[in-house]
Amino acid sequence: MDRAVRRLRIAYWVGAIVDAAAGAQMLSPRLIAAMMGLQDFRPGPDFAYAMGMGAALMFGWTALLLWADRAPIERRDVLVLTVIPVIAGLVLNEIAAVRSGFLSLLAVQPIWVLQLALALLFLTAWRRANRAASNA
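Summarised in this report is the structure supplied together with it. Because the structure is a prediction, the values reported are computed rather than measured.

## Some points on the side chain of Thr62
Thought 1: For Thr62, the position within the fold is in helix 3 (residues 45–69).
Thought 2: Only 3.2 Å separates the side chain of Thr62 from the backbone nitrogen of Ala20, close enough to count as a polar contact.
Thought 3: Residue contacts for Thr62: discarding those within four places in its chain leaves Ala16, Asp19 and Ala20.

## Some points on the environment of Glu74
Thought 1: Tracing the backbone through its elements, the reader meets Glu74 in the loop between helix 3 and helix 4 (77–100).
Thought 2: Sequence spacing of Glu74 and Gly54 is 20 residues, and the spatial spacing of their C-alpha atoms is 28 Å.

## Quick look at the packing of aromatic side chains
Thought 1: For the structure on display, the rule yields two aromatic pairs.
Thought 2: For the ring pair Phe41 and Phe47, a centre distance of 5.2 Å and an interplane angle of 85 degrees mean the geometry is edge-to-face.
Thought 3: Note on Phe41 and Phe102: the rings are 6.1 Å apart at their centroids and 55 degrees apart in plane angle, and the pair reads as tilted. Of this pair, Phe41 sits in the loop between helix 2 (29–36) and helix 3 while Phe102 sits in the loop between helix 4 and helix 5 (105–135), placing them 61 residues apart in sequence.
Thought 4: Of the residues examined, Phe102 reaches a relative accessible area of 41% and is grouped as partly exposed.
Thought 5: Members of the aromatic cluster, joined through ring pairs, are Phe41, Phe47 and Phe102.

## Considerations on helix 1 (residues 2–26)
Thought 1: Over its 25 residues, helix 1 runs 36 Å from end to end, which matches the ideal 36 Å to within 8%, given 1.5 Å per residue.
Thought 2: Buried residues along helix 1 sit in contact with helix 2, helix 3, helix 4 and helix 5.

## A closer look at the pattern of salt bridges
Thought 1: Taken as a whole and judged by the stated rule, the model has three salt bridges.
Thought 2: A salt bridge links Arg9 to Asp69; its shortest N-O distance comes to 2.9 Å. Taken together, the positions of Arg9 in helix 1 and Asp69 in helix 3 put the pair 60 residues apart, joining distant regions of the chain.
Thought 3: Residue Arg9 is classed as partly exposed on the basis of its relative accessible area of 32%.
Thought 4: With a closest N to O distance of 3.9 Å, Arg42 and Asp40 form a salt bridge. Of the two residues examined, Arg42 and Asp40, each falls in the exposed class.

## Concerning the layout of surface pockets
Thought 1: What the largest pocket holds in volume is close to 890 Å³.
Thought 2: If you trace the largest pocket, you find 29 residues lining it, with Ala22, Gln25, Leu90, Glu94 and Ile111 closest to the centre.
Thought 3: The space that makes up the second largest pocket amounts to roughly 220 Å³.
Thought 4: Around the second largest pocket, the lining residues are Met26, Gly54, Leu57, Met58, Trp61, Val86, Gly89, Leu90 and Asn93.
Thought 5: Elements with a contribution of two residues or more to the lining of the second largest pocket: helix 3 and helix 4.

The rules behind these values
- Residues numbered from 1 in each chain as written.
- Predicted model: local features only at pLDDT ≥ 70, side-chain atom pairs only at ≥ 80, totals over all residues.
- Heavy atoms only, no water.
- Helix = DSSP H or I, 4+ residues; strand = E, 2+ residues; numbered from the N terminus.
- Polar contact = N/O pair within 3.5 Å; in protein donor to acceptor, adjacent residues only side chain to side chain.
- Contact = heavy atoms within 4.5 Å.
- Phe/Tyr/Trp six-rings, centres within 6.5 Å; stacked < 30°, edge-to-face > 60°.
- Buried < 20%, exposed > 50% of the residue type's maximum accessible area, 1.4 Å probe, protein only.
- Expected span 1.5 Å × (residues − 1).
- Salt bridge = Lys/Arg side-chain N within 4 Å of Asp/Glu carboxyl O.
- 1 Å grid on protein atoms, 1.4 Å probe; cavity = no way out; pocket = protein on both sides within 12 Å on 5 of 7 lines; lining within 4 Å.
- Points joined across faces, edges and corners; volume = space filled by probe spheres on them.

Printed below as a string of structure tokens:
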């Protein structure tokens, strides 16, 4: 059971750190432009508003993952909710951005690698925690 708890806590903290970083990035259009290779990116107030909403949700999810860490086994299902709909929804949004020509496939690929790694980490930790809980 100790190993399962340790894996859950690693997953919660990695997710929280990534979400907090994403939330901070969303509050800086200059940083987004640099990371995504956007030339002459001059977002308007509509973009700032949408990113502010997204950042608030990212910071909220950061808090949710840290809350789950307080009772790792009991709150393990938070990891599944982080994969579906959160990560899956982000991937669908990125696909739409690539298809529209807003983002290049090259710029999005590292994000997809990170999202895949997070999804695998979360689902593996969740599965092992389920096994540990059923054996306890």
